[in-house]
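# Chain and residue survey
Spelled out from the first residue to the last, the chains are:
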Amino acid sequence: MSGRQICKSFGSAQVLFDVSIDLHAGEVHALLGENGAGKSTLVKILSGYHQPTSGELILDQAPVSFVDSEVGEGHGVILIHQELNLAEQLTVEENIFLGREIKRGWFLDKATMRAQAQELLDQLQCDVDPRARIRDLAVSDRQMVEIAKALSKKADILILDEPTAVLTGREVEILFDQIRRLREQGVAILYISHKLDEIKAIADRVTVLRDGRHITTETVAELEKDDMARLMVGRDIKQMFPDRVPDHSAEIVLSVRDVSVDGQVRDASFDLRRGEVLGFAGIVGAGRTALMEAIIGLRERSSGRIERNGEPVKINSLQDAKKCGIAYLTKDRKGSGLLLNMDMRPNLTLLALEKFGRVFIDRKAEEAALETAIEAFDIRAADRKSKVGDFSGGNQQKLLLAKVMETDPDIVIIDEPTRGIDIGTKSEIYHFIGDLTDRGKSVILLSSEMPEMLGLSDRIAVMAGGRITGILMGDGRNEHEIMRHATGISGKQGASVHE
Amino acid sequence: MSSVERNEAPTKKTSGGFSIDFKALGPFLALVGLFVLGTAINDAFLSGGNLSNIFTRAAFIGIIAVGATFVITAGGIDLSVGSMAAFISGAMIVVMNGLVETLGAGVETVLLGVVLSVILGIGAGAINGLVSTKGKIEAFIVTLGTMGIYRSLVTYMADGGTLSLDFDIRGVYRPVYYGDILGIPVPVLVFFAVAVAGYVLLNMTPFGRKCFAIGSNEQVARYSAIHVDRIKTLTYVIQGLCVSIATIIYVPRLGSASSSTGVLWELEAIAAVIIGGTMLKGGYGRIWGTVVGAIMLTTIGNILNLTDAISNYLNGAVQGLIIIVAVFLQRGDWRRKKSK
Amino acid sequence: MSSVERNEAPTKKTSGGFSIDFKALGPFLALVGLFVLGTAINDAFLSGGNLSNIFTRAAFIGIIAVGATFVITAGGIDLSVGSMAAFISGAMIVVMNGLVETLGAGVETVLLGVVLSVILGIGAGAINGLVSTKGKIEAFIVTLGTMGIYRSLVTYMADGGTLSLDFDIRGVYRPVYYGDILGIPVPVLVFFAVAVAGYVLLNMTPFGRKCFAIGSNEQVARYSAIHVDRIKTLTYVIQGLCVSIATIIYVPRLGSASSSTGVLWELEAIAAVIIGGTMLKGGYGRIWGTVVGAIMLTTIGNILNLTDAISNYLNGAVQGLIIIVAVFLQRGDWRRKKSK
Amino acid sequence: QEKIKIGVSIPAATHGWAGGLNWHAEQAEKRIEATYPNIDVIVVSANGATEQANDLEDLVSVQNIDALVVLPFESDPLTVPVQQVKEAGKFVTVVDRGLSLPGIEDVYVAGNNPELGRVSGEYIRKRLDDEGKIVILRGIPTTVDTERVDAFIESIEGSNIEVLDMKHANWNRDDGYEVMQDFLSRFPQIDAVWAQDDDIALGVIEAVKQADRTDEMFIVGGAGMKDIIKRVMDGDKLTPIDVLYPPAMIATAMELTALKFTSSIPVEGRYILGATVVTQENAKNFYFPDSPF
Ligand SMILES: Nc1ncnc2c1ncn2[C@@H]1O[C@H](COP(=O)(O)OP(=O)(O)OP(=O)(O)O)[C@@H](O)[C@H]1O
Ligand SMILES: Nc1ncnc2c1ncn2[C@@H]1O[C@H](COP(=O)(O)OP(=O)(O)OP(=O)(O)O)[C@@H](O)[C@H]1O
Ligand SMILES: [Mg+2]
Ligand SMILES: [Mg+2]
């Protein structure tokens, strides 16, 4: 399949300029580009979700036109969306077969569907119950369901838009196995990711987009990661991580004692020091998010105490947490982070609304804040008035970060900060976190990305099965130790460890 | 409204086979509560005659509410059902009266009336569905409009008065309401059949699955190659069909139609649906809940007739209170709180 | 309903300063269309007296609808407003009549009546809000229940009949409805003031912003440190306050309240809100649209009274048709289609 | 010995006249139960024909009544349900709106809707000297309304009285007020208003006052609401007369029915209440300040 001279405009904003791309059977083709470069838009056009403003699609040497995604799928072009595309009220199996239910006579063949769903999930080594509702699942599980759904369709061309943004290492490996299997079967695969390692590992060729323009298409073997980054960003990336000199004697600004959440977290205790980045590692479902949400009052604690600067504090709601100078950045930017049907301004100021006037909202101040945030976080939107839901994934993430920082917190809990962020911006965010701690703020970092965890954290707490199994510092902070603790091989079971 | 959404959330704790799904049982428990109340107030409540009355009455609203479950599950709303019922009744009566002269007051006449009713119901539903989907107008506005239109039409047909079914036809048609099979009144059987059909359609066919998907997230449904407009329109058609069925058993009961027929039935039907646990925002529907909801509403009315302890003027207040309390109890949140 | 969601989507074409926001202008254009129709039908339509009648009448529903805009924007619904209005009117009349004996028929009596009205409005709103948020019961059910309760209470107070305001007080109170300032009737001024206050509150304060946030995604609102339950309850309180204000200008009009006061006002108020472009699902509200929606509804009724071209029985049909067409035209989708 | 149960089924108090009906029913209940200890009266009210049919079923099956007094919401739909009560062996008294089939009821206490229309029409015709312009405000589009209006039109036939227009005001004050406002903006000359109902009439009065056209016209209502009777009694020019359609007829019917079980007087047949014209002279006979209606 090829796309030829594809242009796309939304309203007056043109986001793709004469982009051409060729996909070959049995090849993994990577698509690379900064946030907002137009990757998602391009693949949506290739699969029929959007219509190109000009340009044509060619499939097996013949021009085709996909009036909608149904036609695209009919031609074997399957897209896994960057933004999860599942009906939340429906169950896993219902979503997998949505729109193509297996029937026996007039009725749904539920047994077969369940069996097949189970089979697909097993294939992905994903242990969610096919009967579970999507809204009860963790984001990574949702992504696996999305992948299962795509695999259940017969694809000649499979397009994956940042499938690994929400996955952990093990799941990525499973996904890669599946991709390799499909490649061997002669499926053409178009793969989008901001993780250059992955592209090195899986892709045969790579196309780079920048500002909606095709920059180059090359064989992956001939490119180093740095080259890719440079092609993407158009300049050299400075040092990825900030230099950090951990001070393990700074005063304790937050201490958490014996916090439990029914069924999710047990007796978690840790301390956070001024100017520190405390990482939280663990496999999916280890309870990191649950613990953090319990600390800031979003989840009910069944027990536990919290002290701020040595004083016990009552935090029973997010409002309390905010008063204590604690802010939280959710990893579910669509479900709990942003109002997708609104534009940037109300989203940016929602958490810190009182800053913009108690009686009336000062729009000028809001605009100014937006200006600053766009600058500081390099948010790129074609149109400032467009709805946040239309933003590219990375730009949504940046906006969410900006939103949380509007409260000017002393302690920031960041859950997966760079999910879906391009490498250039990622480094900016890392330096931003570095600046924060230099200014005496403290950061709790929850991340599934090992380099990020190791590159940023002064200490790393590892959780497994709802407990903190160890807190690693100094040379102890390495991938091996983390994995040992995360899988429960190492570290004290039951007792929480703190220095 | 949204509070429910959260209540749906907790996944059933898979603690063996002993856990009871209170959520699904809720409406039944509330209904049992009402029955206990009824019996306490008056022994006659549990008499076969009274129970049969309750279920027979619940049939009207119940059948309409089964249709409403589809509409609401798919994220729509239909305010026109009451007027639609009046209009269809009126049209049936006019046509059957007209046919008496040529066909005589026989079964054929009644059958033709029934066929007409079905055609009108499907047509009226299709109009609601098509205008709202193709015209891209909110269902609330469209059905508010057609509510006025259908009601006016029946008033016009009746010339401001009452349309009255020929008394000879009434004799033939009568068993459809007053008859019974093996002691079970025909309307109850029809209600049961409609509920079963509705259950099967909503829970066991691709169509029902698509209704859930559309109500849950229209965009996702569209991306899943679901013809959103077509399915939505079909839910209104089903609603129309249900109204038509309800009308078919309604006409022989009172044998007339006027501008006051079916007033506020839409509210009752929607209430039955919501009481039954379907979400007003769409995405989750439960036919059995709806059935129980309809029976609950009818039972409350019946209980109020069992006693004259309460001033007639306060009927509405007692009814309102019971509805709120019953829904509160069946939602089962109090149980969770207590157990802490 | 959801079709609107998509209609909101297109961002204003930023093709220079000349682009007109048809979306926001829509209701106004539809209203202008109605006025042209009215003038064509009867010259008397544009007479000062008639226009003043229209706006004065629109004031009741309009003021209530301003409150409903808040409730609906925050994702709720209030079906109880009509009964609430009847109940508050009744209570005001009873209390003012009672006060005549001690205080005489003076301004104080009226003022106390007004104070009572405000207290009752806020209280009734708070009940709706608290029961639905704390009890985690759908607003639809709660307000359906309180609708019955308030209506029963007024029927009970009036002993099934009509409560009539003391004639001496009427004299004192009369100007609140019949008076005018610089030729503009007092109710119109009050309506205008309420609309401006509502606009400011909804669009320019943190509270309004929070209503939008809750209506568009309750979860996001919760994660943005918003007291969701408190804000939602407050929207019902505002609704109650608006009902109370509407009641305060309603009572001096006919000086009476009965069980038939305010029947179906809830439907009219919600219709005004939706016609005005607010989304029934929540997340987007527009006070000016609501104001125009209320005026449109009143104007349709007025136009129908100005002509005898249409059979009275078909009034409802014409009304329904006009509403659908007006909303269709103002949504402006036809314009987009044409331009393709 | 078991008490004798009389069930009374009436429309709910959704407009003024029905409110009066409910009040009188309740008063009669108290009176009868106080006078005859062995009689139990049960009053139920319904919001529509279907609901009333339900009520009738409940009165028979749960309350096990001996006699029924019913004021049908509408004649036609309730014919069969009342017939069933009769077939269950109960004594049946029908009030106001006659059933569509003859011979079901034992007693019929009839208000007379056509008579109300006719009397009103004749008065207006006489008062205007067969010449003038009038407007009509109708009730809720039902048989009651249609009968009244048809009889009214018939009674002014042959005169030069022009009916400018008629609109439905749904037996509601607010609607009466608004419809009249619009009539006033439309028609520069109106000599008389037939409101056919006192609730509507009250709305009309306010609208006419507001337009400052009180000297131009007069208003004829109907039913006998105390506010209007008071005005008639006080000689208000705007409301020179009222035509009675007393909701108290329910009490009459209930008492007649009670009599059936407490005396040996034969109680059956038709009792037709006339549509009495209330004038300033006789108004005090019909003025009950304590009634809510
Ligand atoms: N429906 C839409 N309406 C308006 N603008 C849109 C729409 N969809 C995308 N855009 C704009 O098009 C541009 C490209 O977006 P796209 O989602 O293709 O970026 P991307 O390369 O996938 O970025 P990311 O890596 O962040 O996912 C962005 O500026 C975005 O705001
Ligand atoms: N809303 C919810 N209802 C029920 N169970 C939940 C809910 N949210 C999370 N869980 C469960 O609680 C456990 C802890 O989840 P949590 O999201 O805290 O894990 P985590 O370690 O933060 O995972 P991740 O690596 O994805 O961030 C998991 O088993 C998860 O499935
Ligand atoms: Mg993207
Ligand atoms: Mg988590």
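What counts and how
Residues numbered from 1 in each chain as written. Chains lettered and ligands numbered in written order. Predicted model: local features only at pLDDT ≥ 70, side-chain atom pairs only at ≥ 80, totals over all residues. Heavy atoms only, no water. Helix = DSSP H or I, 4+ residues; strand = E, 2+ residues; numbered from the N terminus. Rg over C-alpha atoms; globule rule 2.2 N^0.38 Å. Buried < 20%, exposed > 50% of the residue type's maximum accessible area, 1.4 Å probe, protein only. Contact = heavy atoms within 4.5 Å. Areas by Shrake-Rupley, 256 points an atom, 1.4 Å probe, with all protein chains shown as cover. Lys, Arg positive; Asp, Glu negative; His and termini not counted. Charge placed at Lys NZ, Arg CZ, Asp CG, Glu CD. Donors = N, O, S within 2.8 Å, 3.2 Å for Na, K, Ca; no water. Near = heavy atom within 4 Å. Polar contact = N/O pair within 3.5 Å; in protein donor to acceptor, adjacent residues only side chain to side chain. Nonpolar A, V, L, I, M, F, W, Y, C, P; charged D, E, K, R; others polar. Least-squares fit on C-alpha atoms with pLDDT ≥ 70 in both. Buried area = accessible area lost by both parts, 1.4 Å probe. Salt bridge = Lys/Arg side-chain N within 4 Å of Asp/Glu carboxyl O. Pairing = 2+ DSSP bridges. Axes fitted to C-alpha atoms, helices over the stretch in contact; angles between N-to-C directions. Core = buried A, V, L, I, M, F, W, Y, C linked by side-chain atoms within 4.5 Å. pLDDT = per-residue confidence, 0-100. Patch = residues over 30% accessible without salt bridge, like charges linked within 9 Å, V, L, I, M, F, W, Y side chains within 5 Å.

The subject of this paragraph is the overall build of chain A. Counting its secondary structure elements, chain A contains 17 helices and 22 strands. Computed over its C-alpha atoms, the radius of gyration of chain A comes to 23 Å, within 12% of the 23 Å expected for a compact globule of 499 residues. Projected onto its principal axes, the C-alpha positions of chain A cover 70 × 55 × 50 Å. Counting every position in chain A, which comprises 499 residues, the buried fraction comes to 59%. Restricting to contacts in chain A with at least 6 residues of sequence separation, those with at least 24 account for 66%. About 19,400 Å² of surface is accessible on chain A, with carbon and sulfur atoms providing 47% of the total. A distance of 4 Å separates the average location of the 65 positive side-chain charges in chain A from that of its 79 negative side-chain charges.

Next up on the list: the coordination of the magnesium ion (ligand 3). Residue and element names in this part refer to chain A. Around the magnesium ion (ligand 3), the protein contributes the donor atoms S40 (OG) and Q82 (OE1), which lie 1.9 to 2.0 Å from the metal centre. A residue pair is termed long-range when its members are at least 10 positions apart, and S40 in helix α1 (residues 39-46) and Q82 in the loop between β6 (77-80) and α3 (92-96) qualify at 42 residues. The class for S40 is buried, based on a relative accessible area of 18%.

Glancing now at the site of ligand 2. Residues and elements named next belong to chain A. Around ligand 2, a shell composed of Q264, I283, V284, G285, A286, G287, R288, T289, A290, R299 and K331 is seen. In this structure, T289 approaches ligand 2 through a main-chain N or O atom, which is 2.6 Å from an oxygen atom. At 3.5 Å, a side-chain N or O of R299 approaches a nitrogen atom of ligand 2. Within the complex, the protein chains bury 71% of what would otherwise be the 630 Å² of accessible surface of ligand 2. Grouping the amino acids of the shell around ligand 2 by side-chain chemistry returns four nonpolar, four polar and three charged.

Turning our eyes to something else, we now look at the relation of the copies chain B and chain C. After a rotation of 180 degrees and a shift along the axis of 0.0 Å, chain B superposes on chain C with an RMSD of 0.2 Å. The transformation just described matches what one would write down for a two-fold rotation axis. Within chain B, K281 of chain B has its C-alpha nearest the rotation axis, a separation of 3.5 Å. Here 100% of the interface residues in chain B have copies in chain C that are interface residues too; the copies meet face to matching face.

The next thing to look at is the interface of chain C and chain D. Counting residues at the interface gives 31 residues for chain C, matched by 33 residues for chain D. Between chain C and chain D, roughly 2,700 Å² of surface is buried when both sides are summed, and carbon and sulfur atoms account for 40% of that area. Interface area lost by chain C to chain D is led by L254, N305 and N312 of chain C, which between them contribute 21%. Connecting chain C to chain D are four salt bridges. In this structure, D182 of chain D and R57 of chain C form a salt bridge, with 2.7 Å as the shortest nitrogen-oxygen distance. At the junction of chain C with chain D, the criterion picks out 19 residue pairs in polar contact (both at pLDDT 80 or more).

Next up on the list: the sheet that holds strand β21 (residues 459-464) of chain A. Residue and element names in this part refer to chain A. Ordered by their spatial adjacency, six strands build an open sheet running β18-β19-β20-β15-β21-β22, and the pairing between neighbours is mixed. A strand with exactly one partner marks an edge of an open sheet, and here the two such strands are β18 (326-329) and β22 (467-473). Neighbour-to-neighbour, the strand axes of the sheet open up by a mean angle of 20 degrees, direction not taken into account. Relative to β22, β21 is paired through six bridges, and the arrangement is antiparallel. Within β22, the residue paired with A461 across the bridge is I471. Across the face of the sheet, helix α14 (residues 393-405) comes into contact with β18 and β19 (411-415) while running at roughly 170 degrees to β18.

All names here are of chain A. Side-chain alternation along β18 places I326 and Y328 on one buried face and A327 and L329 on a second face that is also buried. Direction of pairing for β18 relative to β19: parallel, over a ladder of four bridges. Among the inter-strand pairings, L329 is bridged to a residue of β19, identified as I414.

Whenever strands of a sheet pair, they do so through backbone hydrogen bonds, lying parallel or antiparallel. Residue and element names in this part refer to chain D. Taken in spatial order, the six strands of this open sheet run β2-β1-β3-β4-β5-β11, and their pairing is parallel. One side of each edge strand has no neighbouring strand; the edge strands of this open sheet are β2 (39-46) and β11 (269-272). Ignoring strand direction, the axes of neighbouring strands in this sheet form an average angle of 15 degrees. Contacts from helix α1 (residues 16-35) reach β1 (4-11) and β2, with the element oriented near 170 degrees to β2. Helix-sheet contacts for helix α9 (residues 249-262) involve β1, β2, β3 (67-70), β4 (91-95), β5 (107-110) and β11, and the interaxial angle to β4 is about 165 degrees.

Right, let's get into the environment of K136 of chain B. Mapped onto the elements of the fold, K136 of chain B is located in the loop between α5 (107-134) and α6 (139-157). In sequence terms K136 of chain B and D229 of chain B are 93 residues apart; their C-alpha atoms lie 9.8 Å from each other.

Residues and elements named next belong to chain A. If you check the shell around ligand 1, you find 19 residues, and the closest are G36, K39, S40, T41 and G394. Within the side chain of T41, one N or O atom sits 2.5 Å away from an oxygen atom of ligand 1. Residue assignment for the shell around ligand 1 shows that the elements contributing at least two residues are α1 and α14. In terms of residues, the shell around ligand 1 owes the most to one element, α1, which gives three residues. Residues of the shell around ligand 1, tallied by class, amount to five nonpolar, 10 polar and four charged.

Before going further, it helps to examine the coordination of the magnesium ion (ligand 4). All names here are of chain A. Looking at the magnesium ion (ligand 4), one finds its protein donor set to be T289 (OG1) and K331 (NZ), positioned 2.0 to 2.3 Å from the metal centre. Remark: K331 occurs in the loop between β18 and α11 (333-337) and T289 occurs in helix α9 (residues 288-295); sequence separation between them is 42 residues. Taking the relative accessible area as the measure of exposure, T289 reaches 13% and is therefore buried.

This paragraph deals with the nonpolar core. Counting residues in each nonpolar core, the largest one holds 307 residues, and the members touching the most others are F140 of chain B, F140 of chain C together with I124, M180, I190 and I250 of chain D. Residues contacting F140 of chain C, with those up to four places away along its chain left out, are L267, I270, A271, I274 and L280 of chain B together with I77 and L79 of chain C. Grouped together as the second largest cluster of nonpolar side chains are 70 residues, L348, L399, L456 and I471 of chain A included.

Quick look at the confidence of the model for chain D now. All names here are of chain D. Counting all residues, the mean pLDDT for chain D is 85, and 100% of those residues have values of 70 or more. For chain D, β11 is the element with the lowest average pLDDT, namely 80, and strand β8 (residues 192-194) is the one with the highest, namely 93. Here the predicted complex carries an ipTM of 0.87, next to a pTM of 0.88.

Bringing a negative patch on the surface into the picture now. On the surface, D159 of chain B together with E147, D150, E154 and E157 of chain D cluster together into a patch of negative charge. Structurally, E154 of chain D is set in helix α5 (residues 143-156).

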